[in-house]
Amino acid sequence: MRYLIIALLIFFMNSPSDALVIEEVRTYGPQKDTADLRILSSTDIDVFDPVLTAYITSFPSVSIEYVLSNTSDIYHEVRDGEEPFDLVMSSAMDLQMKLANDGFAESVSLPETSQGPDWSQWQNKLFGFSLEPIGMVVSKSYFNNIEAPKSRRDLISFLRANQHDLRGKIVTYDVRQSGAGFLFATQDARQSDSYWRMAEVMGSLTTGLFCCSGEMLDAVNTGEVLLAYNIIGSYAQKRSREQDNLLVIYPQDYTHMLLRTALVPRGTQNFQAARDFLIFLLNDVGQDFIEKRTDMLSLQSEVLNKNRQFKPIRLDTGLLVYLDRLKKQRFLEEWKEALFQ
Amino acid sequence: MIRKLFALKTTSIRNRLLIQLGLVAVVISLFLFLVVRLALVQAVTATQDRLLAAAVSSVVDKIYVVDNMVSLDLPYDTFSLLGAIGEDRIFYQIKDDGKFLTGYEDLPYEGPFGDLQEPIFTNIDYLDETFRAASIENVIFAGNQARRLTIIIAQSQNFQATVLTKISTNLIFVTFIFLIIAILFAFLTANLTIRPIGSFADDVKMRGPSDLRKVSSDVPSELLPLVHSLNGFISRFRTALRQTETFIAEAAHHIRTPLSVVKSESELALRKSKTPENREHLRNIIRSVDQTNRSATQLLDHAMVLYRAERPEKQKFSAHQAVEDLINQFRPAADLRDLDIAFSSTLEQKQQLYLDRTLLETSLRNLLDNALKYAIAESTVFVDLSQDKKQITVTITNDAANLKDFNASQIFKKFKRGTENKDIIGSGLGLSIVLEAANAINATIKVKKLKGESVCAILSLPC
Ligand SMILES: Nc1ncnc2c1ncn2[C@@H]1O[C@H](COP(=O)(O)OP(=O)(O)O)[C@@H](O)[C@H]1O
Ligand SMILES: [Mg+2]
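About the thresholds
- Each chain carries its own residue numbering, running from 1 in the direction its sequence is written.
- Here the convention is simple: chains get letters from A, ligands get numbers from 1, in the order in which they are written.
- Local features in a predicted model are, by the rule used here, given only for residues with pLDDT of at least 70; side-chain atom pairs are given and counted only at 80 or more, and totals for whole chains, interfaces and linings are based on all residues.
- The basis for the side-chain values is all heavy atoms of the structure; hydrogens and waters are excluded.
- Numbering of helices and strands runs from the N terminus, with a helix taken as a DSSP run of H or I at least four residues long and a strand as a DSSP run of E at least two residues long.
- Working definition: with a 1.4 Å probe on protein chains only, accessible area under 20% of the residue-type maximum means buried, over 50% means exposed, and in between means partly exposed.
- Contacts: residue pairs with any heavy atoms within 4.5 Å of one another.
- Each accessible area is a Shrake-Rupley result for a 1.4 Å probe, and residues are judged covered by the shown protein chains and nothing else.
- Between Lys or Arg on one side and Asp or Glu on the other, a salt bridge is scored when a side-chain nitrogen of the former is within 4 Å of a carboxyl oxygen of the latter.
- A 3.5 Å cut-off defines polar contacts: any pair of N or O atoms within that distance qualifies, except that in protein one atom must be a possible hydrogen donor and the other a possible acceptor, and neighbouring residues in sequence count only when both atoms are side-chain atoms.
- If DSSP finds at least two bridges between two strands, the strands pair.
- Note on definitions: angles span 0 to 180 degrees between N-to-C directions of axes, and those axes are lines fitted to C-alpha atoms, for helices only across the stretch in contact.
- Count a disulfide wherever a pair of cysteine sulfur atoms falls within 2.5 Å.
- Our angle categories are set so that under 35 degrees counts as roughly parallel, over 145 as roughly antiparallel, 65 to 115 as roughly perpendicular, and the remainder as oblique.
- Note on residue categories: nonpolar means Ala, Val, Leu, Ile, Met, Phe, Trp, Tyr, Cys or Pro, charged means Asp, Glu, Lys or Arg, and polar means any other residue, Gly included.
- Between 30 and 60 degrees the pair is tilted, below 30 it is stacked and above 60 it is edge-to-face, where a pair is any two Phe, Tyr or Trp rings, Trp via its six-membered ring, whose centres lie within 6.5 Å.
- By definition here, charges over rings are those cases where NZ of Lys or CZ of Arg is within 6 Å of the ring centre and within 35 degrees of the ring normal.
- Per-residue confidence from the predictor is reported as pLDDT, a score between 0 and 100.
- Only a single heavy atom is needed: when it lies within 4 Å of a molecule or strand, its residue is near that molecule or strand.
- Handedness of a helix crossing follows the sense of rotation of the near helix relative to the far helix, less than a right angle counterclockwise being left-handed and clockwise being right-handed.
- Using protein atoms alone on a 1 Å grid, points that fit a 1.4 Å probe yet trap it form a cavity, whereas open point sets bounded by protein on both sides within 12 Å along at least five of seven lines form a pocket; residues with an atom within 4 Å of a point count as lining.
- Grid points are joined across faces, edges and corners, and a volume is the space filled by probe spheres set on the points.

Okay, the overall build of chain B next. Helix and strand counts for chain B stand at nine helices and 14 strands. Out of the 463 residues belonging to chain B, those deemed buried represent 39%. In chain B, once contacts between residues fewer than 6 apart in sequence are set aside, the share between residues at least 24 apart is 63%. Summed over its atoms, the accessible surface of chain B is roughly 26,900 Å², and 59% of this surface lies on carbon and sulfur atoms.

This brings us to the interface of chain A and chain B. Contacts between the two partners involve 25 residues from chain A and, on the opposite side, 23 residues from chain B. Linking chain A with chain B are two salt bridges, by the criterion used here. Of the charged contacts in the structure, one is a salt bridge between Asp77 of chain B and Arg190 of chain A, with a shortest N-O distance of 3.1 Å. Connecting chain A to chain B are 16 residue pairs in polar contact (both at pLDDT 80 or more). Residue assignment for the side of chain A that touches chain B shows that the elements contributing at least two residues are helix 3 (93-101), strand 6 (121-122), helix 6 (179-191) and helix 13 (325-339) of chain A.

Residues and elements named next belong to chain B. Across the sheet, five strands lie side by side as 4-3-7-6-5; this open sheet has antiparallel pairing. Only two strands of the sheet have a single partner each, and these edge strands are strand 4 (99-103) and strand 5 (120-126). Taken over all neighbouring pairs, the strand axes of this sheet differ in orientation by 30 degrees on average, direction set aside. As defined by bridge partners, strand 3 (residues 90-96) adjoins strand 7 (residues 145-156) across seven bridges and the pair is classed as antiparallel. If you follow Ile90 over to strand 7, its bridge partner there is Gln155.

Residues and elements named next belong to chain A. Throughout the structure, instances matching the rule amount to one disulfide over all chains. Note on cysteine connectivity: Cys211 is disulfide-linked to Cys212, with sulfurs 2.2 Å apart. With the S-S bond torsion at -90 degrees, the cross-link from Cys211 to Cys212 turns out left-handed.

What follows covers the side chain of Thr255 of chain A. Residues and elements named next belong to chain A. Topologically, Thr255 is positioned in strand 12 (residues 255-263). Residue classification places Thr255 among the buried residues on the basis of a relative accessible area of 0%. Excluding its chain neighbours within four sequence positions, the residues that come into contact with Thr255 are Pro133, Ile134, Tyr250, Gln309, Phe310 and Lys311.

Here the focus is the packing of helix 10 (residues 271-282) of chain A against helix 11 (residues 284-293) of chain A. All names here are of chain A. Across the interface, helix 10 lies against helix 11 with an axial gap of 4 Å and an inter-helix angle of 60 degrees. Between helix 10 and helix 11, the interaxial angle falls into the category oblique. Counted together, Phe280, Leu281 and Leu282 of helix 10 and Asp284, Val285, Gly286, Gln287 and Ile290 of helix 11 form the full contact between these two elements. Split into classes, the residues belonging to the contact of helix 10 with helix 11 amount to five nonpolar, two polar and one charged.

Bringing the sheet that holds strand 11 (residues 380-387) of chain B into the picture now. All names here are of chain B. The mixed open sheet is built from five strands, whose spatial order is 9-11-12-14-13. Each of the sheet's edge strands pairs with one partner strand only, and the pair in question is strand 9 (340-345) and strand 13 (444-450). Taken pair by pair, the neighbouring strands of this sheet meet at an average axis angle of 15 degrees, ignoring direction. Two strands pair when backbone bridges link them, and strand 13 and strand 14 (residues 454-462) are joined in this way by seven bridges, in the antiparallel orientation. Along strand 14, the bridge assignment pairs Ile445 with Leu459. Here helix 7 (residues 319-336) sits on the sheet and contacts strand 9, strand 11 and strand 12 (391-399); the angle it forms with strand 9, its principal contact strand, is near 170 degrees. Helix 8 (residues 357-374) rests against strand 9, strand 11, strand 12, strand 13 and strand 14 of the sheet, and its axis sits at about 20 degrees to strand 12.

As a further point, take the packing of aromatic side chains. Per the stated rule, a full pass over the model turns up 24 aromatic pairs over all chains. Consider the rings of Phe233 of chain B and Phe237 of chain B, whose centres lie 6.2 Å apart with planes at 15 degrees: the pair is stacked. Taken together, the residues span about one helical turn, with Phe233 of chain B and Phe237 of chain B both in helix 5 (residues 224-272) at a distance of four residues. Counting every residue linked through ring pairs, the aromatic cluster contains Phe182, Tyr195, Trp196, Tyr322 and Phe331 of chain A together with Tyr76 of chain B. If you follow Arg152 of chain A out to its NZ or CZ, it ends over the ring of Tyr254 of chain A, 3.7 Å from the centre. The residue whose ring lies beneath Lys316 of chain B is Tyr354 of chain B, and the NZ or CZ to ring-centre distance is 5.8 Å.

Attention shifts here to the confidence of the model for chain A. Residue-level pLDDT values for chain A average 87, and 95% of them are 70 or greater. Low pLDDT, under 50, characterises residues 1-17 of chain A; the stretch is placed with 22 contacts to residues that sit more than four places away or in other chains.

Right, let's talk about the environment of Phe91 of chain B for a bit. Considering the arrangement of structural elements, one finds Phe91 of chain B in strand 3. For the pair Phe91 of chain B and Phe79 of chain B, spaced twelve residues apart in sequence, the C-alpha to C-alpha distance is 9.9 Å. Discounting chain neighbours no more than four positions away, the residues touching Phe91 of chain B are Asn101 and Asp102 of chain A together with Tyr104, Leu107, Tyr126, Leu127, Phe131, Ile152, Ile153 and Ala154 of chain B.

Attention now goes to the site of ligand 1. All names here are of chain B. In the region of ligand 1, 17 residues are neighbours, and Asn370, Tyr374, Asn398, Arg417 and Gly428 sit closest. Gly418 is positioned with one of its backbone polar atoms (N or O) 2.9 Å from an oxygen atom of ligand 1. Between ligand 1 and Leu431 there is a distance of 2.9 Å, counted from an oxygen atom to a backbone nitrogen or oxygen. In isolation ligand 1 has 530 Å² of accessible area, and contact with the protein removes 95% of it.

Let's shift gears to the packing of helix 7 of chain B against helix 8 of chain B. Residues and elements named next belong to chain B. It is the contact of helix 7 with helix 8, at a shortest axis distance of 10 Å, that shows an interaxial angle of 35 degrees. The two elements helix 7 and helix 8 cross, and the hand of that crossing is right-handed. Judged by residue contacts, Ala322, Val323, Asp325, Leu326, Ile327, Phe330, Ala333 and Ala334 of helix 7 engage Arg357, Glu361, Leu364, Arg365, Leu368, Asp369 and Leu372 from helix 8.

Residue and element names in this part refer to chain A. Throughout the structure, instances matching the rule amount to three cavities of 30 Å³ or more. Among the elements of the structure, strand 8 (170-173), helix 6, helix 7 (194-204), strand 10 (227-232) and helix 13 are those that each provide at least two residues to the lining of the largest cavity. When grouped by side-chain class, the residues that make up the lining of the largest cavity number ten nonpolar, three polar and no charged.

Another point: the pairing of strand 12 of chain A. Residue and element names in this part refer to chain A. Judged by how many residues are buried, strand 12 sits mostly within the fold: nine of nine residues are covered. By the alternation rule, side chains of strand 12 split into Thr255, Met257, Leu259, Thr261 and Leu263 and His256, Leu258, Arg260 and Ala262, which are all buried. Summarising the sheet, strand 5 (residues 87-90) and strand 12 pair through three bridges and their orientation is antiparallel. Each bridged residue has a counterpart across the sheet, and for Ser90 the counterpart in strand 12 is Thr261.

So, in structure tokens, the structure goes:
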């Protein structure tokens, strides 16, 4: 491996709460004091690594610093932070939308060949670059001779029917900690009334609440947990190749598709480098690469046409609604009421 | 460029008209464009306002009270819709009795506020953009206490801009088409307007050099003053011309009498004179007198032709008879130079002409005079009379010497003579008189050189 790895796992600082918590940093390309392109991202390095490697293979003189953090820290860093980043990628579409709406993103005009579908962009500030279905991951060994639930309705009755087996064996995101988890839960609540019923049932089974999908997947793999709800497909798919107890299920009533988005923050030091990278990411080469060489799907993915239940979460100002102070407060209260009984 | 335009402007009424009409068309197009665009902006703004009003009222619907606390369940679809058309940015602010409740606290709007039926719409400058905002105030009851809620929703104007650019592009296209049509009409109008001027000019241009009739006043009323002054000018000119002609005729007449006296006295003196020197002087005098007399006669002839041309006295007479009589008058003169005149005619005796006989005779006389003058001595002058369906032709042919400088296009001009025949008496007026007389009786005259050193004059008369 030509690149340098600086792994600073869980980097605690005794500064105020809005300080950026860096989970991992990796640099690509020639070593420079300040990298040409500083990316702040919530996408696991292992998932995104092929894209970065491909980019510096095409443009060997560019140095990239890839900083991994969580969506909520990323949001606060872009709003109030001091560190200059050139590109911000996050899976929390709502937070990204709020950044763009509130004027924290630069306008970037991209050539025709790098224009994604209309629904994948907002103004010329927010650019979706990959799609990922959100599903559930179950323990293969447990569901060896039991039929796994195919829809949320199935899931609810399955949970009700197997209360004894499943107590403490279900996990999902703690929406208070994870921005992506909050997005998935609010979209669920918006999509269907059965969400709250399911939340009640999960609460009654003392469902475990996690900050991050990695830990949930590990727990499922060991058999410690039987089912993880609302997991990003690309992670699960990738893990399932090494951890053979993982089975990914996309519910048939509906499966939300997460649109990962990128924006160029207002404080960028190298607008051109960010734009170049976006052009690469969004043109046919980059999109083809994402489709074939990563566990993410491209914007034009066939999967979207083949599976009618796959619904991309709409990238529009509706996303701002659950970030409203009162609405968020109300949602979290109801969520807590359902999950802590 | 501008100077060029002005140059055009001053040289032609048509261009001036064209430029003026074109300018008017451009101004109207521009005006049209601006008015329609203004109307469009108003329509689009009204649409946006209605959208915002709907958004405000759907937000108000979601306000509720728990434990004396005002709360709000912001409607997802409303926000989704507001941004749908133009990917617009949205900001909102809700205050409870002046206390900030939720939204964007720094939204710079303090009122006034409308109500649900009639929200107040304003433009707000916020961050780096201008937003369209709807604001209302609404009273709700929490417990037993009335609370005044103010709600502002502001939307950026991409939607407006998007719709406007789309429609404006079409509008520009339509305006352009309109402009082109208007300019085509301007061309048409300009051409139609100046057409009477053109035909008037043609009318004047087509006239012969001595046509001094009044110009027809069948022209647009704007041209009447011009026609009147032109006619006034023509009649003054005609009067002056008439006076000159009369003067010349009278002068010629007055000269002729003393001249004949001088001539007869000189002849008498010649007969009596003994010294050859004196005789030579006297002969010179007589020749000059002859020359002058001839010029005077021809000036008189000329004046007569011009006079009669205006009021010809038409009469019926036999063509054959008229020509034959004239030839007979010339026979003595021919004999003097040992010339023979051969007259041939394919015309019936009784073939009649109807025209001014004096004018015909004048022209024939001058032609015969030329033929006898320039014919080689002891040759024959041929006079032929013939006829076809349309005309009667008199052809006079004579052999002539010194035709090297014969120039058919020059000889009809006044006082233009052949250079080789200085010793033959002549004034250079003969053929111009012929031409004038022929024109007056609608005849044509041609004089051309034939092979073998002869000249032939052809006078064609309408019958
Ligand atoms: N029948 C003719 N034969 C030869 N030359 C002629 C004849 N008629 C006219 N011309 C030439 O045309 C010229 C102009 O003729 P005209 O106008 O009659 O003037 P003029 O006879 O007084 O010289 C003459 O000077 C002569 O050179
Ligand atoms: Mg003559």
